[in-house]
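Notes for the structure review
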Amino acid sequence: LAKWRNVPAGDAPLSLPPGPDLEFRAREALLTARPGTIIEFPAGNWEFNDELNVPVSHIVLRGKGPQNTTLDFTHQQTGAQGILATEDGFVIQDMRVLNPKGDGVRVEGADGVIFQRLHVEWDTEPDNLHGAYGIYPVQTSNVLIDNCLVRGSSDAGIYVGQSEHIIVRRSRAFENVAGIEIENSTDADVYLN
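To keep things clear, this report deals only with the structure shown in the data block. (Residues numbered from 1 in each chain as written. Predicted model: local features only at pLDDT ≥ 70, side-chain atom pairs only at ≥ 80, totals over all residues. Heavy atoms only, no water.)

**Describing the overall build of the protein chain**
Helix and strand counts for the protein chain stand at 1 helix and 18 strands. For 193 residues, the compact-globule formula gives about 16 Å, and the C-alpha radius of gyration of the protein chain, at 15 Å, lands near that figure. Referenced to the eigenvectors of the C-alpha coordinate spread, the extents of the protein chain come out at roughly 40 × 35 × 25 Å. Within the protein chain, buried positions represent 54% of all 193 residues. Accessible surface, the protein chain as shown: approximately 8600 Å² in total, 48% of it carbon and sulfur. The centroid of the 15 positive side-chain charges in the protein chain is displaced by 7 Å from the centroid of its 27 negative side-chain charges. (Helix = DSSP H or I, 4+ residues; strand = E, 2+ residues; numbered from the N terminus. Rg over C-alpha atoms; globule rule 2.2 N^0.38 Å. Buried < 20%, exposed > 50% of the residue type's maximum accessible area, 1.4 Å probe, protein only. Areas by Shrake-Rupley, 256 points an atom, 1.4 Å probe, with all protein chains shown as cover. Lys, Arg positive; Asp, Glu negative; His and termini not counted. Charge placed at Lys NZ, Arg CZ, Asp CG, Glu CD.)

This is the structure:
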């Protein structure tokens with residue numbers, strides 16, 4: 001994960017103030033973000049009706065802790081997952097993703113990916129209509145999944161596929177069909193889960 005330490009220097013963190021249009025402002029912030037931007041979500045339960053896309057490299061999405069900041073996708077209308085990131089240096093930490101239509105947080109084709117203190121949950125009884133994967137890095141490298149929790153996915157709670165240089169530690173996965181799955185990947189260290 002040494003590559004992550006060399007991220008571009010961004011501006012001061014962009015703190016999103018609470019308000020009913022938070023979803024709109026979060027999308028606007030991501031559309032105008034530059035590499036190195038930290039976007040901070042406030043405490044509260046924030047409804048998202050559509051998938052949240054992260055189209056810029058070296059972006060940090062940060063909440064006030066998974067017990068305090070929830071991105072709620074219960075009424076999601078479009079998108080195959082809650083959050084999708086496709087660029088290098090993606091970090092998501094200190095928040096909860098609730099009831100996404102598909103996968104919780106999917107990161108595809110990126111180098112330097114960090115999930116920290118992230119909860120992804122479906123809060124109804126286990127159901128095959130829940131998203132397949134809660135935390136889902138695929139075709140990625142230099143991945144850290146640390147102190148995360150996934151509950152209620154219809155397949156694997158934490159799924160890492162076609163990736164390399166992976167650490168999954170101090171995390172919990174329960175009430176999923178499978179807990180943690182590492183598939184078609186190399187150099188994976190999975191411990192204290």
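**Description of a nonpolar patch on the surface**
A contiguous nonpolar patch, built from Ile180, Ile182 and Val190 and spanning about 190 Å² of accessible area, is present on the exposed surface. Relative to the elements of secondary structure, Ile180 occurs in strand β17 (residues 178-183). With relative accessibility at 31%, the residue Ile180 sits in the partly exposed group. (Patch = residues over 30% accessible without salt bridge, like charges linked within 9 Å, V, L, I, M, F, W, Y side chains within 5 Å. Salt bridge = Lys/Arg side-chain N within 4 Å of Asp/Glu carboxyl O.)

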